[in-house]
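# Structure assessment
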Amino acid sequence: MAFKITSSPHVTKNSQTATVMQRVILCALPGLVVQCVYFGWGSLIQVLLAIAVALVAEAAVMKLRKRAVGVALGDYSAVLTALLLGIAIPPLAPWWVIVIGTLFAIVVVKHLYGGLGNNLFNPAMAAYVLLLIAYPVQMTTWVAPAPAAQYSPDLLASISQIFLPGSGDINLFRLGIDGTTMATPLDTMKTGLSMGLTSTEVLAKPLFDEGLSIGWFWVNMAYLAGGLVMLKLGAIRWQISTGMLAALFICSGIGFMMNPDTHGSPVFHLFSGATMLAAFFIATDPVTAATSNRGRLIFGALIGVLVYVIRQYGGYPDAVAFAVLLANLCAPLIDYYVRPRTYGHRSGN
Amino acid sequence: MLTNLEQLDNGVVWRIPGGIHPPEQKHLSNQTAIGTLPLDEYYYVPVPQVGEQASMAVAVGDHVLKGQPLTHGLNQHHLPVHAPTSGVIKAIEPRPSNHASGLPVNTCVIQADGKDSWVDLQSASLETLSNDDIVARVQAAGVAGMGGAAFPSHIKLSPASDIELVIINAVECEPYITSDDRLMREHADKIISGMEIIHQVLTPQRIIVGIEDNKPEAADALRKALSASKLPAGVARVTVVPTKYPSGGEKQLIQLLTGKEVPSGAIPAQLGILVHNVGTCAAISDAVLQGKPLIERVVTVTGGNVAQPGNYWMPIGTRVDHVLKCCGFNPEADQKVIIGGPMMGYTLPLIQVPVIKGTNCVLVPSSAEMSVDAKELSCIRCTECAQACPASLLPQQLYWHSKSGDYDKASDYNLRDCIECGCCSYVCPSDIPLVEYFRVAKSAIRNANEEKLKSERAKQKFEAKQARLEEEKRQREAKAKEAAERRQSNMSGGDKDAIAAALARVQAKKAVSAATPEAGADRKDKVADAVARAKARKAAQAAQSDSPAPEQNQANDAQKDKVAAAIARAKARKAAMQSDNEAEVDTNQTSAASSQKDKVAAAIARAKAKKEALKQALQAEAPTDSDNKSADEAADTLEPKADDRQARIAAAVARAKAKKAAAKDAGVNDPKGQIPEQNSVDSIAQSDPGELSAEEAKKARVAAAVAKAKAKKAAQQAGDSKSTVEDTQAESAEPKPEVELTAEEAKKARVAAAIAKAKAKKAAQQAGEGQGSDAHMQKQPADVNSAEPDSNSEPADVKPEAEPSAEEAKKARVAAAIAKAKAKKAARQDGEAQRPDNAAPLNDERSEAMSPDTDQSEQAPAQSAEEIKKARIAAAIAKAKAKKAAKDAEDKE
Ligand code: SF4
Ligand code: SF4
């Protein structure tokens, strides 16, 4: 009889790309839930919409590229991209924002670069940056967290706000303070500081509670928890997250020590905006990160530094997307210069 | 060297990177004692060394006893094989091997007689044996490494350097396999006795047994046996290492136990470390103390699809299908039969293959135990593979480069340090068969290296041959010179300058026209150089096919020519190495004008040489006027019949020009350029700058070499990856028979040849300018030589890039002119045969580069009037061909 011929090894660990992605997605859900608690149903709707668009786009592109559609959909990478983008954009942004963003992420950033594994940039972040530049108003109009808002959008209001933009008065859901609309605490801080207020004065605003951003703190905590679970499950490795958080902590620490009046505290930075989301879910995207352990520490630290620099000195309130993209650009370089020392060799390269 | 004896003694275990923990599955087979199998009917004993290191000691039909050697060794690398049972030799023939490929290997088929009767074994005691005796007994017993690689143990026991640490590998980290485990439990004393023998031979400071912590019984058994051993106290110990695959890899085990790494490309012996497997220790003990050859070993038979998994003593040569039958094999669809473990073992395509010395396990898993054939997905760069790699490689990068065939990059990422352990494939979530990619890449790299080595060897062989031939040629030349000198005395002065003048004019014209395309771009140069190389090859062939040409060559002349051409090329290459850079710069700085001048000078010089030759030839052989005329016409249709006076004037002009050119050259190159050749006997040509001093000749050769080097380099740039190989072939002047030309290709080739000539000249000239116009003197004859006569035996390997373009057609015309010149050469060659004075001064220095000419002079005495006539006809034919080539080129256009 003929026997089957295969190449060693004949056993493999039952880890699948899909499993890894599923775990990441599951671990992001607590954060999403907390986000919904504070900012209404908007985020969930955005996420679902994004996932639907992503799956359709992925299937269409795979069909065009004459690849197996099922395999691509089954690896959950498109779902994860959509999830991250849906989480990142303002909950009540009009529907076409997320649709355009998702299409851009899947079709251009991912597939035009050769598909999963070949894309240079993190698709979700690239799309986010595109949206931020193309639709600055929609992309910076964040809903006020529930405790601070006069009205909290319910499900119906969220749906109508998203799908029939302009039908309701979005300003209802915004936090009106001194006639200005505030987006996120980071934005508030930035604007406040630029108006000559000290950070303490800014933190005295109703968006903040004991120096922390209302809502955002818990959202970040949820993502941190999800990230720790991922670490425990082995879905991600510690280097990138640690590198990023440590760098951000150190940078903001130095800034805060130098001049507490014009700089946010390290804790403020670590638990504001998308810090934790980025540290555990975005920067850790393996495709676009550096590959060696040391390289990943450097990669993470680079993001941390960039986040701080852009937040503190740049023109945009939150910097995660830009920082991640810039670090993506550097990843091949880092990989080239930071190689582990092979057994029996003296040095790395 | 071993600074960490203390740590060794304390059993310190170092960390190794990577590694995995696949399901062990050892309980399947390690529960029962080692059994034996019923005798098989036939045993297949592979004798792969026969023909290389060994010869058969038995013949078909012989009756052999168990343990009787089947092979005679011829050298130290011989690993004897023995009959595993008593019986009759039924056949000695290729049979499928126990290998992933199943490729047949020479096998001795023994039909068992069922008695299993032993030969007499010579037992000995350790005290009475010298080290050499021990090693000899180990070799005689055919002991080989039993961990899988089957490296001859006697070689390991006679290392070149001191061994300070012997590691006994008892790790057995592969899942499923328990043969060492059971052997240690049941025969620990034998293993320890083997260690004693190794200790006696190598006297290492320490012997450490490394064993994984999942085999506590075996470790205990070893410790117990060790405490009862005769080994000096403190020398040996058992060190337990944590269970992790692949701790049992030689390099990994060394790292685990000593913290040291075997340098890449080195062997452990260089660290003073030697690693033996426990099974090998037991076999060494048997061999040395009992004289028992290695004819059986413990093999694990396991997996979900055998009814009685376990360990069995198996004679070497037992067929795997017999083994499985005895163990209750229950195959399923798509059954795999794996030799070795699931991580590094290989599947057998056929199971009628023998158990061999390195076989430690036969694994027949159920499909549930093995991985499903998942589809390979894209790499998501998760770097799980890099985390798992025990060699700290970056498998995803290796994969990337291996897959795209970028093997240089893969090598840059240390592909060769991959031990093919399979950890990376094991963990890859995208189910990429990484190891398979690495194997493919490694073998591709290996093949490429072998190719390189082969051509290197061919080159060396050729150079040796060339040196020999050169010596022979020198001797012949000396003889020819002597003969020519005798003839010289018969000569009287006279002038047939017309011909010479015509030649000079033609050359000058040619030089001008050749110079025109030279003004062209770099790109053209590159093409030209590539073509020149093709031409060089053709030259070799042309030289070879010269013998049937109308010139009065003798049979061995062709060979001489060939050799000469080859030598010239070889020399050129050698010189090229030194002057490559120089030549490049020079070429870039060359102006068209100066090159033209050089060219003119060279042409004139050559014309002079020819003139002399002709004159002498004509005088010596007293040709008729009509002969003279026809030669003239054949040589150059542009040249009307000239009377003596005109000719003399022309010659005078040509000489003057030549002088001027030479002076310029000399000004740049050599103050001696204008000094007439002292050895020259010919009074007319005495001021001829064409006669080079020895030193100039040398320079000229260098210049030719530079030209050649440039050509070669350009060819490489043209992306010819086979260049080395082809060059070598060209050098040895072997036409490539495998390339067959169609009629059209032949035509093309002819055109190409013509172009090539022009190009080569150009290359020579460009290169020469840095070094002196002398380059021409060298290059030109070679060019001409290599040209037309063989247009019907077109070289097969003219480059495709030589296809004519509009621009090239022009060049082809130039080539036609050259061909004409060549026709003249035919005449000249006749002449040169009579003109030793010309060749003589060049003897030592120039002869290699110009050998086609000097070769001609060698058989000077063989000339006859009739032959000269023939040569002239040949010249005419050549010219016609040249014309045709030009026309072809135009047609093409
Ligand atoms: S097979 Fe090679 S690359 Fe893969 S883990 Fe083993 S040593 Fe590393
Ligand atoms: S484990 Fe597989 S998917 Fe992950 S980086 Fe390595 S090759 Fe790529």
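Residues numbered from 1 in each chain as written. Chains lettered and ligands numbered in written order. Predicted model: local features only at pLDDT ≥ 70, side-chain atom pairs only at ≥ 80, totals over all residues. Heavy atoms only, no water.

## Structural notes on the overall build of chain B
The secondary structure content of chain B amounts to 27 helices and 16 strands. In chain B, the share of contacts with a sequence separation of at least 24, taken over all contacts with a separation of at least 6, comes to 80%. Accessible surface for chain B amounts to roughly 34700 Å². Of this, 52% is attributable to carbon and sulfur atoms. (Helix = DSSP H or I, 4+ residues; strand = E, 2+ residues; numbered from the N terminus. Contact = heavy atoms within 4.5 Å. Areas by Shrake-Rupley, 256 points an atom, 1.4 Å probe, with all protein chains shown as cover.)

## Some words on the overall build of chain A
A count of helices and strands for chain A gives 16 helices and four strands. Looking at chain A as a whole, 57% of its 349 residues are labelled buried. Of all intrachain contacts in chain A linking residues separated by at least 6 positions in sequence, the fraction that spans at least 24 positions is 74%. Put simply, chain A shows about 14100 Å² of open surface, and 69% of that area lies on carbon and sulfur atoms. (Buried < 20%, exposed > 50% of the residue type's maximum accessible area, 1.4 Å probe, protein only.)

## Observations concerning the UniProt feature "binding site: [4Fe-4S] cluster 1" (unreviewed entry) in chain B
With numbering aligned to this structure, UniProt lists the feature "binding site: [4Fe-4S] cluster 1" (unreviewed entry) at Cys 379, Cys 382, Cys 385 and Cys 428 of chain B. On the basis of their most widely separated C-alpha atoms, the annotated residues across 50 residues gather in one place, lying no more than 10.4 Å apart. Structurally, the position occupied by Cys 379 of chain B is in the loop between strand E16 (361-363) and helix H9 (384-388). Setting aside its immediate chain neighbours within four residues, Cys 379 of chain B contacts Leu 116 and Gly 117 of chain A together with Gln 396, Tyr 399, Ser 430 and Ile 432 of chain B. Relative to the assigned elements, Cys 385 of chain B resides in helix H9. When its relative accessible area of 7% is taken as the criterion, Cys 385 of chain B is described as buried. (UniProt positions renumbered as here; feature names shortened; annotations may be inferred.)

## What about the sheet that holds strand E4 (residues 63-64) of chain B?
As a general point, the strands of a sheet are linked pairwise by backbone hydrogen bonds and lie either parallel or antiparallel. All names here are of chain B. Spatial strand order, E2-E7-E6-E4: four strands in an open sheet with antiparallel pairing. The open sheet has two edge strands with one neighbour each: strand E2 (42-46) and E4. Alignment of E4 against strand E6 (residues 87-96), held across two bridges, turns out to be antiparallel. Bridge pairing in E6 links Val 64 to Gly 87. (Pairing = 2+ DSSP bridges.)

## Side note on helix H2 (residues 42-64) of chain A
Compared with the 33 Å implied by 1.5 Å per residue over 23 residues, the 33 Å span of H2 of chain A between its first and last C-alpha is a close match. Positive phi shows up at Lys 66 of chain A, right after H2 of chain A, with a value of about 55°. (Expected span 1.5 Å × (residues − 1).)

## As for a nonpolar patch on the surface
Residue and element names in this part refer to chain A. On the surface, a nonpolar cluster with roughly 440 Å² of combined accessible area is contributed by Trp 41, Trp 95, Leu 155, Ile 159 and Phe 163. At three residues, the largest contribution of residues to the nonpolar patch is made by helix H8 (residues 155-163). Among the secondary structure elements, Ile 159 is positioned in helix H8. On the basis of relative accessibility, which here comes to 33%, the residue Ile 159 falls in the partly exposed class. (Patch = residues over 30% accessible without salt bridge, like charges linked within 9 Å, V, L, I, M, F, W, Y side chains within 5 Å. Salt bridge = Lys/Arg side-chain N within 4 Å of Asp/Glu carboxyl O.)

## Considering the site of ligand 2
Near ligand 2, the surroundings consist of 13 residues, among which Cys 379, Cys 382, Thr 383, Cys 385 and Cys 428 of chain B are the closest. Broken down by class, the residue content of the shell around ligand 2 amounts to eight nonpolar, three polar and two charged. (Near = heavy atom within 4 Å. Nonpolar A, V, L, I, M, F, W, Y, C, P; charged D, E, K, R; others polar.)

## Focus on the sheet that holds strand E13 (residues 310-315) of chain B
Strand order in the open sheet formed by six strands is E1-E13-E12-E16-E14-E15 (chain B), and the pairing between neighbours is mixed. The sheet is open, and its two edges are formed by strand E1 (35-36) and strand E15 (346-347) of chain B, each paired on a single side.

## A closer look at the packing of aromatic side chains
One pass over the full model with this rule turns up nine aromatic pairs over all chains. Between Trp 96 of chain A and Tyr 135 of chain A, the ring centres sit 5.1 Å apart and the planes meet at 70°, which makes this aromatic pair edge-to-face. Remark: Tyr 135 of chain A occurs in the loop between helix H6 (123-134) and helix H7 (136-140) and Trp 96 of chain A occurs in helix H5 (residues 95-111); sequence separation between them is 39 residues. An angle of 50° between the planes, with centres 5.1 Å apart, marks the rings of Phe 217 of chain A and Phe 271 of chain A as tilted. With Phe 217 of chain A in helix H11 (residues 216-233) and Phe 271 of chain A in the loop between helix H13 (266-270) and helix H14 (275-282), the pair connects residues that are 54 residues apart, well separated along the chain. Phe 217 of chain A sits in the buried class, given a relative accessible area of 15%. The buried category is assigned to Phe 271 of chain A, whose relative accessible area is 14%. Members of the aromatic cluster, joined through ring pairs, are Phe 217, Trp 218 and Phe 271 of chain A. Taking NZ or CZ as reference, Arg 339 of chain A lies 3.9 Å from the ring centre of Tyr 413 of chain B, over its face. The side chain of Arg 95 of chain B reaches across the aromatic face of Tyr 44 of chain B, ending 5.0 Å from its centre. (Phe/Tyr/Trp six-rings, centres within 6.5 Å; stacked < 30°, edge-to-face > 60°. Lys NZ or Arg CZ within 6 Å of the ring centre and 35° of its normal.)

## Thoughts on the site of ligand 1
Residues and elements named next belong to chain B. Close contacts around ligand 1 come from 13 residues, with Cys 389, Cys 418, Cys 421, Gly 422 and Cys 424 the closest. Looking at the shell around ligand 1, the elements that each hand over two or more residues are helix H12 (423-427) and helix H13 (434-488). Class assignment of the residues belonging to the shell around ligand 1 gives a composition of eleven nonpolar, one polar and one charged.

## Things to note about the interface of chain B and chain A
The partner chain A presents 36 residues to the 62 residues of chain B that form the contact. Carbon and sulfur atoms make up 51% of the area that chain B and chain A hide from each other, which totals about 4500 Å². Here chain B and chain A share four salt bridges between them. Two residues, Arg 339 of chain A and Asp 412 of chain B, come together in a salt bridge whose shortest N-O distance is 3.4 Å. Scanning the region where chain B abuts chain A turns up 27 residue pairs in polar contact (both at pLDDT 80 or more). Secondary-structure elements contributing two or more residues to the side of chain B that touches chain A are helix H6 (250-258), E15, H9, helix H10 (395-403), H12 and H13 of chain B. (Buried area = accessible area lost by both parts, 1.4 Å probe. Polar contact = N/O pair within 3.5 Å; in protein donor to acceptor, adjacent residues only side chain to side chain.)

## A word on the side chain of Asp 180 of chain B
All names here are of chain B. Within the secondary structure, Asp 180 is located in helix H4 (residues 179-202). It is Arg 297 that comes nearest to the buried, bridge-free Asp 180 among opposite-charge side chains, at 5.0 Å. At 3.2 Å, the side chain of Asp 180 and the side chain of Asn 277 are in polar contact. For Asp 180, the contacting residues outside a window of four places in its chain are Asn 169, Glu 172, Asn 277, Val 278 and Gly 279. (Lys, Arg positive; Asp, Glu negative; His and termini not counted.)

## Considerations on the UniProt feature "binding site: [4Fe-4S] cluster 2" (unreviewed entry) in chain B
Residue and element names in this part refer to chain B. Using the residue numbers shown here, the UniProt feature "binding site: [4Fe-4S] cluster 2" (unreviewed entry) corresponds to Cys 389, Cys 418, Cys 421 and Cys 424. Their sequence span is 36 residues, while the largest C-alpha to C-alpha distance among them is just 10.4 Å; these annotated residues converge on one region. Within the secondary structure, Cys 418 sits in the loop between helix H11 (407-412) and H12. Examined against the element boundaries, Cys 421 turns out to sit in the loop between H11 and H12. In contact with Cys 421, other than residues within four places in its own chain, are Tyr 245, Pro 246, Met 343, Met 344 and Pro 390.

## Some remarks on the nonpolar core
In terms of nonpolar packing, the biggest core is built from 87 residues, with Ile 89, Phe 280, Phe 281, Phe 299 and Ile 303 of chain A touching the most fellow members. No fewer than three residues from each of domain 1 (16-182) and domain 2 (183-211 + 236-339) of chain A sit in this core. Ignoring sequence-local partners within four residues, the contact set of Ile 303 of chain A consists of Met 244, Ala 283, Ala 323, Val 324 and Ala 327 of chain A. Formed by 55 residues, the second largest nonpolar core is a distinct cluster that contains Val 171, Ala 266, Leu 363 and Ala 441 of chain B. (Core = buried A, V, L, I, M, F, W, Y, C linked by side-chain atoms within 4.5 Å. Domains from an automatic or database assignment.)

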